[in-house]
Amino acid sequence: MPLTPIRIAMHGVTGRMGTNQHLIRSILPIIKQGGVKLSTGQWQQIEPILVGRDAVKLKHLAETVSMQEIGRAIEFTTNLESILLDESVEIVFDAASTNLRPEILRAAMEHGKAVYCEKPIAINANEASELVALAEKTGVKNGVVQDKLWLPGIRKLRMLRDQGFFGKILGVRAEFGYWVFSGHDQDQPPQRPSWNYRSEDGGGMMIDMFCHWEYLINDLFGPIARVLAHKTTDIAERIDESGEPYQCTADDSASALFVLKNGLTCQFNSSWTTRVRRDDLLTIQVDGTEGSAVAGLRDCWIQSLSATPRPTWNPDVPQPIHFYDNWQILPNSTEYDNAFKIQWEQFIRHCVDDADFPWTLSSAAAGVRLAEAGAISANEQIWVTL
Ligand SMILES: NC(=O)C1=CN([C@@H]2O[C@H](COP(=O)(O)OP(=O)(O)OC[C@H]3O[C@@H](n4cnc5c(N)ncnc54)[C@H](OP(=O)(O)O)[C@@H]3O)[C@@H](O)[C@H]2O)C=CC1
Ligand SMILES: O=C1CO[C@H](CO)[C@@H](O)[C@@H]1O
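Not measured: the values here are computed from a predicted model.

By domain assignment, the protein separates into domain 1 (6-148 + 338-360) and domain 2 (149-333 + 369-380). Averaged C-alpha coordinates put domain 1 and domain 2 at centres separated by 28 Å. Taking both partners together, domain 1 and domain 2 bury about 1800 Å²; carbon and sulfur atoms supply 63% of that area. Linking domain 1 to domain 2 there are one salt bridge. The partner of Lys-119 in a salt bridge is Asp-208, with the nearest N and O atoms 3.4 Å apart. The biggest single contributor to the side of domain 1 that touches domain 2 is helix α8 (residues 339-353), with four residues. Each residue belonging to the side of domain 1 that touches domain 2 can be placed in one class, and the counts come to eight nonpolar, seven polar and four charged.

In structure tokens:
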């Protein structure tokens, strides 16, 4: 007997993340592959209902896009209330802009729905804690996107760590970012939404990225003990979606030192105002006594102690070493599925099969606390202990 498909309401699906990563690269491919395989060997199929405020965009996704991807249309509605009252809907997912998230999550949990959502779960630690408390009170299953954990580059880094490649890990440096056009030249339109650059709308580098850095560092290297951070708003005015100039009130660059409970120091630079001259938009370098690795989003390069060149400082001659030449690229040792899709499958198994799922609201609240600690550190110019 096939299992009844679980109904998943998807709010914020008309946005960049909702459309691309969640609908087109996760949910529709899961439907296409027949659902998610459970521990019993049965396949759990899913049925999405798209929810939002713009019926035209929803109809396009539910009909045209869905038809292209899975050969049939799916449901959509602009009535969120009716979704909350619909007992056949088991999971409410939210990928709308950050400042809307707490209200949606609260309403869904109060109606007994399992919740799954994009990061961050809130823009301040108090609100994040209230959501965690409500999840505990209502007992609903809950989860938060922590996609970077399943990026191929990060999986390769984790494999190196587990195989003891590094020896003793001495330090971690991450460079994240790229140039986000301000929109002042109409031939170079901005590639990120304007709310990202307004703190009153939930934007800002720290709140966007420190929640990623928290779970990534915690997973790969251990829990963070304290942070020293600095943030700036490098570009004061940008152009919004309607072509109007607006004042940027959020940080677009942030640097941080995270010192872990095990004593390791992780240095993270994050910027929307930098031009890339490195291997990828995010690179994480791990240096150890026995070897070093640099992970990008998909690739990972290694250099062992025995392959380490011997630089000497002499600015009077051209640099004799081509530093990139002494690194070896790791092969792909498995198939790397989309990171968001992998986590969706795990969340569905958690809901249906009770499989372990540690990436909860509680774990995501730590990311919001780190962003808040970073902001306090920057504003008061102090170390903040977590
Ligand atoms: N995990 C990751 O790698 C990433 C996560 N994110 C997170 O994803 C979330 C969405 O970001 P992104 O996709 O870039 O944002 P977008 O601006 O592209 O999308 C915003 C979405 O929110 C909806 N929305 C905005 N205001 C309202 C409102 N008042 N009422 C109802 N719906 C509203 C929009 O609907 P409409 O179409 O009708 O305007 C749209 O669906 C953020 O929380 C962000 O932090 C972002 C980037 C990467
Ligand atoms: O929130 C985010 C901001 O944008 C980044 C990419 O540009 C994402 O990786 C991240 O999740």
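Let us keep going from here.
This paragraph deals with the sheet that holds strand β6 (residues 89-94). A sheet is described by the order of its strands in space; here six strands give the open sequence β5-β4-β1-β6-β7-β8, paired in parallel fashion. At either margin of the open sheet sits one strand with a lone partner, and together these are β5 (75-77) and β8 (142-144). Sheet twist, expressed as the average angle between the axes of neighbouring strands with direction ignored, equals 20°. Bridge count for strand β7 (residues 114-117) against β8 is three bridges, and the pairing is parallel. The residue of β8 that forms the bridge with Tyr-116 is Gly-143. Those strands touched by helix α1 (residues 16-32) are β1 (6-11), β4 (46-51) and β6, and its axis lies near 150° from that of β4. Packing against the sheet, α8 makes contact with β1, β4, β6, β7 and β8, and its axis sits at approximately 170° to β7.

Our focus in this paragraph is the side chain of Ser-377. Relative to the elements of secondary structure, Ser-377 occurs in helix α9 (residues 361-380). Residue Ser-377 is classed as buried on the basis of its relative accessible area, which comes to 0%. Side-chain polar atoms of Ser-377 contact the backbone nitrogen of Ala-229, separated by 2.8 Å.

One open sheet holds the nine strands; their spatial order is β18-β17-β16-β15-β9-β14-β13-β10-β19, and the pairing between them is mixed. The strands lining the two open edges of the sheet, one partner per strand, are β18 (328-329) and β19 (384-385). Where helix α7 (residues 205-220) meets the sheet, its contacts fall on β9 (169-177), β10 (224-232), β13 (253-260), β14 (265-271) and β15 (282-288), and the angle it forms with β13 comes to roughly 25°. Of the strands in this sheet, β10, β13 and β19 touch α9, which is tilted by about 60° from β10.

Among the 25 residues in the neighbourhood of ligand 1, the closest are listed as Thr-14, Arg-53, Lys-57, Thr-98 and Trp-195. A distance of 2.7 Å is found between an oxygen atom of ligand 1 and a side-chain nitrogen or oxygen belonging to Lys-57. At a separation of 2.9 Å, a nitrogen atom of ligand 1 approaches a polar side-chain atom of Asp-147. Broken down by secondary-structure element, the contributors of at least two residues to the shell around ligand 1 are α1 and α7. Residue composition of the shell around ligand 1, grouped by class: nine nonpolar, six polar and 10 charged. Summarising the domain contributions, the shell around ligand 1 has at least three residues from each of domain 1 (6-148 + 338-360) and domain 2 (149-333 + 369-380).

Another aspect to go through is the nonpolar core. Counting 111 residues, the largest nonpolar core has Ile-121, Phe-210, Trp-213 and Phe-258 as the members making the most contacts within it. Ranked by residues supplied to this core, first place goes to α7 with 10 residues. For this core, the domains that each give at least three residues are domain 1 (6-148 + 338-360) and domain 2 (149-333 + 369-380). When neighbours within four sequence positions are excluded, Ile-121 is seen to be in contact with Arg-101, Pro-102, Leu-105, Ala-128, Leu-131, Val-144, Leu-361, Ala-364, Ala-365 and Val-368.

Attention now goes to the environment of Pro-189. Structurally, Pro-189 can be placed in the loop between β9 and α7. A C-alpha to C-alpha distance of 28 Å links Pro-189 and Met-10, two positions 179 residues apart in sequence.

Across the junction of Lys-119 and Pro-120, the peptide omega takes the value -15°, indicating a cis bond. As for its position among the elements, Pro-120 is in the loop between β7 and α5 (125-138). Its identity as a non-glycine residue notwithstanding, Asp-354 has a phi of 65°, on the positive side. Relative to the assigned elements, Asp-354 resides in the loop between α8 and α9. Owing to a relative accessible area of 55%, Asp-354 belongs among the exposed residues under this scheme. Positive phi outside glycine occurs at Gln-381, with the angle close to 55°. Note that Gln-381 resides in the loop between α9 and β19. Judged by relative accessible area, Gln-381 falls into the exposed class, the value being 72%.

Calculation notes
Residues numbered from 1 in each chain as written. Chains lettered and ligands numbered in written order. Predicted model: local features only at pLDDT ≥ 70, side-chain atom pairs only at ≥ 80, totals over all residues. Heavy atoms only, no water. Domains from an automatic or database assignment. Buried area = accessible area lost by both parts, 1.4 Å probe. Salt bridge = Lys/Arg side-chain N within 4 Å of Asp/Glu carboxyl O. Helix = DSSP H or I, 4+ residues; strand = E, 2+ residues; numbered from the N terminus. Nonpolar A, V, L, I, M, F, W, Y, C, P; charged D, E, K, R; others polar. Pairing = 2+ DSSP bridges. Axes fitted to C-alpha atoms, helices over the stretch in contact; angles between N-to-C directions. Contact = heavy atoms within 4.5 Å. Buried < 20%, exposed > 50% of the residue type's maximum accessible area, 1.4 Å probe, protein only. Polar contact = N/O pair within 3.5 Å; in protein donor to acceptor, adjacent residues only side chain to side chain. Near = heavy atom within 4 Å. Core = buried A, V, L, I, M, F, W, Y, C linked by side-chain atoms within 4.5 Å.

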